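Here are the chains, one letter per residue:
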Amino acid sequence: MTTAPSVRRPRFNPSPCDIQPLHHAYDVPPLHNSDSNPLHFRFRSLVSCPADVPLELFETAVSQLIHHPEYNSTLILRSETISDSDTTIPSSVPRLEGYCPVRNVHRKLLPRRPGRDSGLEQHCTLYAFETGEFAGLPSMLVLTPLVPEGESLPYYHPTVLHLAFRFIPSNVTTTSDPASAQPSLRIEAIPLPGTPTDLNSRLYRTALALLDTLHRYLWGALTHYQKRVQHDVLVSREVYQDVYLKMRERHKGLVNTWREATDPLKHVFEDIGIATFLMLFWKDMFAASGDLAAVKELDDSPWKSWPRPPGGFLDLGCGNGLLTHILSAEGYSGCGIDLRARTSWAHYPESSQAALKVHALDPTQLLSPETDIDSKDEEKSFFASGVFLIGNHADELTPWLPVLATLTGASGYLSIPCCAWMFDERFTRSSAVSALDFSDDESLDATTAVGTLESREAENEAAFISSLGLGAEGTHKSQYSAYRIWLARLSRWLGWKIECDTLRIPSTRNWTIVGRERLPGDQSVFVDRARRIVEEVIRRGAFKTRTPEGTDTTGRHDSRHPSG
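In this text the structure is predicted, and so the values were computed from the model without any measurement.

Draft legend 1. Examining the sheet that holds strand β14 (residues 412-416) more closely. Strand order in the open sheet formed by seven strands is β12-β10-β9-β13-β14-β16-β15, and the pairing between neighbours is mixed. The outermost strands of the open sheet, each flanked by one partner alone, are β12 (356-358) and β15 (499-502). Sheet twist, expressed as the average angle between the axes of neighbouring strands with direction ignored, equals 20°. Where strand β9 (residues 313-316) and strand β10 (residues 334-338) come together, four bridges link them in parallel fashion. Looking across to β10, one finds that L314 is bridged to C335. Strand contacts of helix α5 (residues 322-329): β9, β10, β12 and β13 (388-392), with the helix running at about 165° to β9, the strand carrying the most contacts. In this fold helix α11 (residues 479-493) packs onto β14 and β16 (511-515), with an angle of close to 5° to the strand it touches most, β16.

Right, dumping it as structure tokens:
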């Protein structure tokens, strides 16, 4: 991984421009077209700032603007590229004096709320100087909306015919003022008739925000910035967003009928997002051929016929039961268990109520010979062959997911960890070190020299931690980061291939670890390790399951509790 320089990003220092056409002292032509009617494409300069980076980085920075407009507007879902050409330039884009178009990206902007806003096609055209020191280098991006006749621009788009992002390089040979020789960035536009451009106008504020974004992207390109987290590792972003929009429309009414004391906007849309992810993940996991691209060709609820876990799902510590309800409502078989019923449960449809069970899960019952046979059968009844385990902020049950999945022959599991718990106590770095020896790996070559083995293990461990996608906390400094690393080591030690993703849900705890594939080797070794964990927990005697209770109105997860 490239290390960024230790210097800070220069302060963003914008200055409003005169609303007259731009005339610069440098060898940079004003923005107007080169035909016989230059006023037709006369731009207005809105705002500028120092560039602080070389021109060579401009194309890299504006590529982010082109391909990720959703970073600049919460009303935009994403863009889809229709064509990308450096040879075919549409006639609808402006021909500007002193510039030549060198590339055109034809994209479509997709709104986050298609029922309110319409989509919009747009040309994104890169220009380079025709002559001079910087000839051929892309130095300007012009956005041209394509509005069908009789229609108007959607709200999320500025009211302009064209919007230009200009990099104006320094040229010290034409001025004696070193300060004015500094390269600059400018936002210019051709506003629609009647559009205000004063400092309080919406167009100026939009231009200011876009200039700040461009300045930040340029600095990121200079410092080799890398994203803190990686989204969409396991499920395609485009497919997820398309299905999520449909799911949101089907279940957004739950916000208005929310029965818990917690925030409905957070919980409803968070669980819709998790359900969407699971449905697409299962489609890929259990399909003969994981062709997720076929989603767009199907009807409004294509998931009714999608592949799914053969043993259904089991949502451990299901809390308000919302995730279980959404999955059940969409035709997925399974159940959610929790220590107490929630107020919401009684207001779900009967099919969802039937899937919600009051049960105090005790993992030690799976091995204990002293357990009452009826209780043991009830415990095992939740773990049908091929069941898929879900732990959504399951807290005390979080570390048990890979253990239970290994012991019961589950098809896999998904865990979104929140509070840091071990098997019968709170997680701490010291307790984690003493709890399990993850170096107990019979695949290691006993003939390898100790020094070589230690060096190899250190390298492998660094690569392993890097693969977890922990983002900005991907070190041992954070307790939450250390806990996630411990969970991943535990899962790998129990024979699961580790896969991680950062979910697109409204929660700061959106990192997930999944197990859907067993590591090669003697599976009895992994089962024996899981049994040893349970036996050690029984021996310590600290794990105590509370008696199932009555209705709780908080909606929080709580299915079992260690006595510590």
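Draft legend 2. Representation of the pairing of β16. Burial analysis of β16 places five of its five residues in the buried class, which makes it a mostly covered element. Side-chain alternation along β16 places W511, I513 and G515 on one buried face and T512 and V514 on a second face that is also buried. As defined by bridge partners, β14 adjoins β16 across three bridges and the pair is classed as antiparallel. Within the sheet, the bridge partner assigned to Y413 lies in β16 and is G515.

Draft legend 3. Expanded view of the packing of aromatic side chains. Tallied over the full model, the rule gives 16 aromatic pairs. Pairwise contacts between aromatic rings join F277, F281, W282, F313, Y332 and F388 into one cluster. The residue whose ring lies beneath R308 is Y332, and the NZ or CZ to ring-centre distance is 3.9 Å. A cation over a ring is seen here: R509 above Y480, with NZ or CZ 3.7 Å from the ring centre.

Draft legend 4. Representation of the pairing of β13 in the model. Burial of β13 is extensive: five of the five residues sit out of reach of the surface. Burial along β13 is two-sided: the face carrying F388, I390 and N392 and the face carrying L389 and G391 are both buried. When β9 meets β13, the two strands line up parallel, connected through three bridges. In the strand pairing of β13, D315 is matched with I390. As defined by bridge partners, β13 adjoins β14 across five bridges and the pair is classed as parallel. Of the residues in β14, the one forming a bridge with L389 is Y413. The parallel pair β13 and β14, bridged by helix α8 (residues 400-408), forms a crossover whose chirality is right-handed.

Draft legend 5. Spatial organisation of the packing of helix α4 (residues 264-286) against α5. Contact geometry for α4 and α5: axes closest at 9 Å, N-to-C directions at 50°. The angle between α4 and α5 falls in the class oblique. You can see that α4 and α5 cross each other, and the crossing is right-handed. From α4, H267, V268, D271, I272, I274, A275, L278, M279 and W282 reach across to α5, where they touch L322, L323, I326 and L327. Here the contact of α4 with α5 is built from residues that sort into eleven nonpolar, one polar and one charged.

Draft legend 6. Quick peek at the nonpolar core. Counting 51 residues, the largest nonpolar core has L314, L389, W400, F423, L468 and W486 as the members making the most contacts within it. Among the secondary structure elements, those contributing two or more residues to this core are β9, β10, α8, α10 (450-466), α11, β16 and α12 (523-540). In terms of residue count, α11 provides more of this core than any other element does, nine residues in total. Residues contacting L389, with those up to four places away along its chain left out, are L314, F383, L401, L404, A405, A410, G412, Y413 and L414.

Draft legend 7. View of empty space enclosed by the protein. Under the criterion given, the structure shown has two cavities of 30 Å³ or more. Taken as a whole, the largest cavity encloses approximately 70 Å³ of empty space. Around the largest cavity, the lining residues are D232, V235, Y240, G273, F277, D501, T502, L503, R504 and I505. For the lining of the largest cavity, the class distribution of residues is five nonpolar, two polar and three charged. In this structure, the second largest cavity spans a volume of roughly 40 Å³. The wall of the second largest cavity is formed by T398, L401, P402, Y413, S415, L487, L490, S491 and I513.

Draft legend 8. Fine view of α4. The first and last C-alpha atoms of α4 sit 32 Å apart over 23 residues, in line with the 33 Å expected at 1.5 Å per residue. In terms of burial, α4 is largely enclosed, as 17 of its 23 residues are buried. Between a side-chain oxygen at the N-terminus of α4 and the backbone nitrogen of L265 the separation is 3.1 Å; the capping residue is D263.

Draft legend 9. Quick peek at the environment of L519. Looking at the secondary structure, you find L519 in the loop between β16 and α12. For L519, a relative accessible area of 25% corresponds to the partly exposed category. For the pair L519 and I498, spaced 21 residues apart in the sequence, the C-alpha separation amounts to 9.3 Å. Residues within four places of L519 in sequence aside, it is in contact with R492, G495, W496, K497 and F526.

Draft legend 10. Quick peek at α12. Compared with the 26 Å implied by 1.5 Å per residue over 18 residues, the 26 Å span of α12 between its first and last C-alpha is a close match. Among the residues making up α12, those that are buried are F526, R529, A530, I533, V534 and V537. Summarising the axial view, the buried residues of α12 lie within an arc of 130°, below the 170-degree limit, and thus occupy one face. Contacts made by the buried residues of α12 are with α8 and α11. At the C-terminal side of α12, G541 shows a positive phi close to 75°.

Draft legend 11. Structural context of the sheet that holds strand β8 (residues 184-191). Strand order in the open sheet made by the eight strands is β1-β2-β8-β7-β6-β5-β4-β3, with antiparallel pairing throughout. Looking along the sheet, the strands with just one partner apiece sit at the ends: β1 (15-16) and β3 (76-85). Of the pairings in the sheet, the one linking β1 to strand β2 (residues 44-50) comprises two bridges and is antiparallel in character. By the bridge assignment for β2, P16 is matched with V47. Along the sheet, helix α1 (residues 58-67) makes contact with β3, β4 (99-111), β5 (120-129), β6 (138-146) and β7 (160-168), crossing β6 at roughly 15°. Across the sheet, helix α3 (residues 237-251) lies against β3 and β4, angled at about 135° from β3, the strand it touches most.

Calculation criteria
Throughout, residues of each chain are indexed from 1 in the direction in which the sequence is written. Owing to the predicted nature of the model, reporting of local features is limited to residues with pLDDT of at least 70; listing and counting of side-chain atom pairs is limited to 80 or more, with chain, interface and lining totals taken over all residues. Side-chain metrics rest on all non-hydrogen atoms present in the structure, leaving aside hydrogens and water. Here, any two strands with at least 2 DSSP bridges between them count as paired. Only DSSP runs of H or I covering at least 4 residues are called helices, and only runs of E covering at least 2 are called strands; the numbering of each starts at the N terminus. Orientation is described by lines fitted to C-alpha atoms, with helices fitted over the stretch in contact, and by angles between N-to-C directions that extend from 0 to 180 degrees. When checking whether two residues touch, look at their non-hydrogen atoms; a contact exists if any pair is within 4.5 Å. Exposure is judged per residue with a 1.4 Å probe applied to protein chains only, and the accessible area is read against the type maximum: over 50% gives exposed, under 20% gives buried, and values in between give partly exposed. In this scheme Phe, Tyr and Trp rings, the latter by its six-membered ring, pair at centre separations within 6.5 Å, and the angle between planes marks the pair as stacked below 30 degrees, edge-to-face above 60, and tilted otherwise. Placement of a charge over a ring requires the Lys NZ or Arg CZ to be within 6 Å of the ring centre, with the centre-to-atom vector within 35 degrees of the ring normal. Here the term right-handed applies to a crossover when the path leading from its first strand over the helix to its second strand runs clockwise, the strands being oriented away from the viewer. Roughly parallel means an angle under 35 degrees; roughly antiparallel, over 145; roughly perpendicular, 65 to 115; everything else is oblique. For any pair of crossing helices, the crossing counts as left-handed if the nearer helix is rotated counterclockwise from the farther one by less than a right angle, and right-handed if it is rotated clockwise. Charged residues are taken to be Asp, Glu, Lys and Arg, nonpolar residues to be Ala, Val, Leu, Ile, Met, Phe, Trp, Tyr, Cys and Pro, and polar residues to be all remaining types, Gly included. We call a set of buried residues a nonpolar core when its members are Ala, Val, Leu, Ile, Met, Phe, Trp, Tyr or Cys and they connect through side-chain atoms within 4.5 Å of each other. Buried and open spaces are told apart on a 1 Å grid over the protein atoms alone, a cavity being a set of points where a 1.4 Å probe fits but cannot get out and a pocket being an open set with protein on both sides within 12 Å along at least five of seven lines. Residues with an atom within 4 Å of a point are the lining residues. Grid points are joined across faces, edges and corners, and a volume is the space filled by probe spheres set on the points. Each residue after the first adds 1.5 Å to the expected span of a helix. We define a polar contact as two N or O atoms separated by no more than 3.5 Å, with the added condition that, inside protein, one atom must be a possible hydrogen donor and the other a possible acceptor, whereas residues neighbouring each other in sequence contribute only through side-chain atom pairs. Directions drawn from the helix axis to the C-beta atoms are what define this arc.

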